[in-house]
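One-letter residues, chain by chain:
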Amino acid sequence: MNLEKKNSDNVCIHTKNVMSLININSNQLQNTELLSHVKNCPTCSKEYNLRKGQIEGLNIFIPRPLMDKELKETFDRELHELLVHFGLNDKANRERLAVTYLSTLNSYGETILKVLFSKSMLAAYACAGVMYLLLKQYF
Amino acid sequence: MKKSDFEKFLSLQSQDLYSFGFILIPDDLQAGQLAVDAISHFLISHKSELETFFSYKSREIEKHLAKFRVEMLKNIYDIAKKRYSQLKLSLNFEDESSAFYQLDFDEKAVLYLKEKAKFNLDDISIVTNKTNAEVIAYLNSGRFKLIQEIPFVQSVEVVNKV
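Residues numbered from 1 in each chain as written. Chains lettered and ligands numbered in written order. Predicted model: local features only at pLDDT ≥ 70, side-chain atom pairs only at ≥ 80, totals over all residues. Heavy atoms only, no water.

## Concerning the overall build of chain A
Now for step 1: The helix and strand tally for chain A stands at six helices and zero strands.
Now for step 2: For chain A, the sequential pattern of α-helices and β-strands runs α-α-α-α-α-α.
Now for step 3: Long-range contacts, defined as pairs at least 24 residues apart, comprise 53% of the intrachain contacts of chain A with a sequence gap of at least 6.
Now for step 4: Put simply, chain A shows about 10,100 Å² of open surface, and 61% of that area lies on carbon and sulfur atoms. (Helix = DSSP H or I, 4+ residues; strand = E, 2+ residues; numbered from the N terminus. Contact = heavy atoms within 4.5 Å. Areas by Shrake-Rupley, 256 points an atom, 1.4 Å probe, with all protein chains shown as cover.)

Structure (structure tokens):
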């Protein structure tokens with residue numbers, strides 16, 4: 001595509017494409033023919049600078065509101081709770097596992113104690129004690 | 001990547017999410033809630049992906065984090081779009097008198113994503129669920145309306161050449 005100026009009356013048919021160039025991010029700009037043309041064409045170059053200036057001037061009026069400190073702290077707390085809920089917090093996961101293991105051990109311990117001090121075991125202890133005394137007396 | 005680092009990443013994104021939310025619904029509490037809801041929606045929809053995400057290599061992680069950022073902003077846009085129509089009549093939005101907040105919902109979204117978030121047209125299309133042509137149309141109509149409201153901008157010219 002040969003992008004030459006159409007005529008010499010400060011009019012160029014490619015001026016209308018200047019906005020397309022501006023809308024492309026700078027990291028996507030390669031050495032396109034349009035870019036080379038705009039660099040070399042005074043009309044397009046002037047139009048480019050004018051449009052670019054307008055857009056950069058408009059940027060001042062596009063706000064970027066930020067959270068205040070209190071709102072940020074509230075947000076961070078909620079975020080933390082959210083991640084704990086979804087199991088995406090290592091410390092909370094470890095605590096949860098530890099609680100699970102300890103409660104399992106606790107239930108085992110309770111079961112053992114219940115069995116050791118049940119009525120039947122107490123009766124068994126009493127019988128064992130009587131047998132011990134009898135055996136000790138006769139042997 | 002550690003899970004604690006992921007929490008830091010989300011915390012850092014919070015300012016961008018809040019800013020974008022405030023642009024769309026200019027209310028502190030609504031914008032904060034939008035940010036939380038967007039992250040919740042993201043965590044729910046990517047639950048299985050996140051389980052394997054933490055074992056990726058650093059290059060893959062960077063790519064995924066960039067993708068996550070776009071998706072969270074998309075969530076903000078989708079949720080805000082539904083809430084805006086419900087809230088518009090009941091809430092008195094601050095700063096509604098400024099030229100930017102007078103623009104249409106989509107014009108504000110596209111302008112913010114292009115000029116402040118520095119997104120390319122493809123990512124803006126993903127966030128707003130529009131074609132590239134529609135994005136460009138909203139970009140130009142938004143800029144045109146702003147220029148009409150702020151006349152002195154019309155004659156500003158960049159000093160440096162292309």
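## Structural notes on the packing of helix 5 (residues 105-115) of chain B against helix 6 (residues 121-128) of chain B
Residues and elements named next belong to chain B.
Now for step 1: At their nearest, the axes of helix 5 and helix 6 sit 10 Å apart, and the two run at 145° to each other. Like other packed secondary-structure pairs, helix 5 and helix 6 cross with a definite hand, here right-handed. Counting all contacts with helix 5, which are made through A109, V110, L113 and K114, the residues of helix 6 involved are L121, I124, V127 and T128. (Axes fitted to C-alpha atoms, helices over the stretch in contact; angles between N-to-C directions. Left-handed = near helix turned anticlockwise from the far one by under 90°.)

## Focus: the interface of chain B and chain A
Now for step 1: Taken together, the contacts link 49 residues of chain B with 43 residues of chain A.
Now for step 2: Across the chain B/chain A interface, buried area totals approximately 4,200 Å², and carbon plus sulfur atoms make up 66% of it.
Now for step 3: Summed over the shared surface of chain B and chain A, the result is one salt bridge.
Now for step 4: Between R64 of chain A and D16 of chain B there is a salt bridge whose closest N-O contact spans 2.3 Å.
Now for step 5: Joining chain B to chain A, the criterion identifies ten residue pairs in polar contact (both at pLDDT 80 or more).
Now for step 6: Looking at the side of chain B that touches chain A, the elements that each hand over two or more residues are helix 1 (3-24), helix 2 (28-45), helix 5 and helix 7 (132-149) of chain B. (Buried area = accessible area lost by both parts, 1.4 Å probe. Salt bridge = Lys/Arg side-chain N within 4 Å of Asp/Glu carboxyl O. Polar contact = N/O pair within 3.5 Å; in protein donor to acceptor, adjacent residues only side chain to side chain.)

## Some points on the packing of aromatic side chains
Residue and element names in this part refer to chain B.
Now for step 1: Counted by the stated rule, this structure contains nine aromatic pairs over all chains.
Now for step 2: Centre to centre, the rings of Y18 and F22 are 6.0 Å apart; their planes meet at 40°, and the pair counts as tilted. Remark: F22 and Y18 occur in helix 1; sequence separation between them is four residues, near one turn of the helix.
Now for step 3: What makes Y18 buried here is its relative accessible area of 2%.
Now for step 4: Pairing F22 with Y101 gives two aromatic rings, centres 6.4 Å apart and planes at 80°, and the pair type is edge-to-face. Here F22, found in helix 1, pairs with Y101, found in the loop between helix 4 (58-87) and helix 5; they are 79 residues apart in sequence, far enough to count as distant.
Now for step 5: By relative accessible area, which is 6% here, F22 ends up buried.
Now for step 6: Three or more aromatic residues joined by ring pairs form one cluster here, namely F6, F9, F42 and F68. (Phe/Tyr/Trp six-rings, centres within 6.5 Å; stacked < 30°, edge-to-face > 60°. Buried < 20%, exposed > 50% of the residue type's maximum accessible area, 1.4 Å probe, protein only.)

## A word on the packing of helix 2 (residues 33-40) of chain A against helix 3 (residues 42-59) of chain A
Residues and elements named next belong to chain A.
Now for step 1: One can describe the packing of helix 2 onto helix 3 by two numbers: an axis separation of 5 Å at closest approach and a directional angle of 100°. It follows that helix 2 is roughly perpendicular to helix 3 by the angle criterion. Here H37, V38 and N40 of helix 2 come into contact with helix 3, specifically with P42, C44, S45 and Y48. (Parallel < 35°, antiparallel > 145°, perpendicular 65-115°, else oblique.)

## Quick word on unusual backbone geometry
Among all residues except glycine, the phi angle is most often negative; among peptide bonds, the trans geometry is most common.
Residues and elements named next belong to chain B.
Now for step 1: You will see that K118, though not glycine, has its phi angle at about 55°, which is positive.
Now for step 2: Within the element layout of this structure, K118 appears in the loop between helix 5 and helix 6.
Now for step 3: Located in the positive-phi region is N129, a residue other than glycine, with phi close to 60°.
Now for step 4: Within the secondary structure, N129 sits in the loop between helix 6 and helix 7.
Now for step 5: Judged by its relative accessible area of 62%, N129 falls in the exposed class.

## Some details on the confidence of the model for chain A
Now for step 1: The pLDDT averaged across chain A works out to 81; a share of 88% of its residues lies at or above 70.
Now for step 2: Across residues 1-7 of chain A, where pLDDT falls below 50, the model places 13 contacts with residues more than four positions away in sequence or in other chains. (pLDDT = per-residue confidence, 0-100.)

## Regarding the side chain of S11 of chain B
Now for step 1: Structurally, the position occupied by S11 of chain B is in helix 1.
Now for step 2: The exposure class of S11 of chain B is buried, given its relative accessible area of 16%.
Now for step 3: What S11 of chain B contacts, discounting residues up to four positions off in sequence, is K72, D76 and L79 of chain A.

## Quick word on the environment of A80 of chain B
All names here are of chain B.
Now for step 1: With respect to the helices, strands and loops of the structure, A80 is situated in helix 4.
Now for step 2: For the pair A80 and K116, spaced 36 residues apart in sequence, the C-alpha to C-alpha distance is 18 Å.
Now for step 3: Those residues in contact with A80 that sit more than four places away from it in its chain are L24, I25, L34 and F105.

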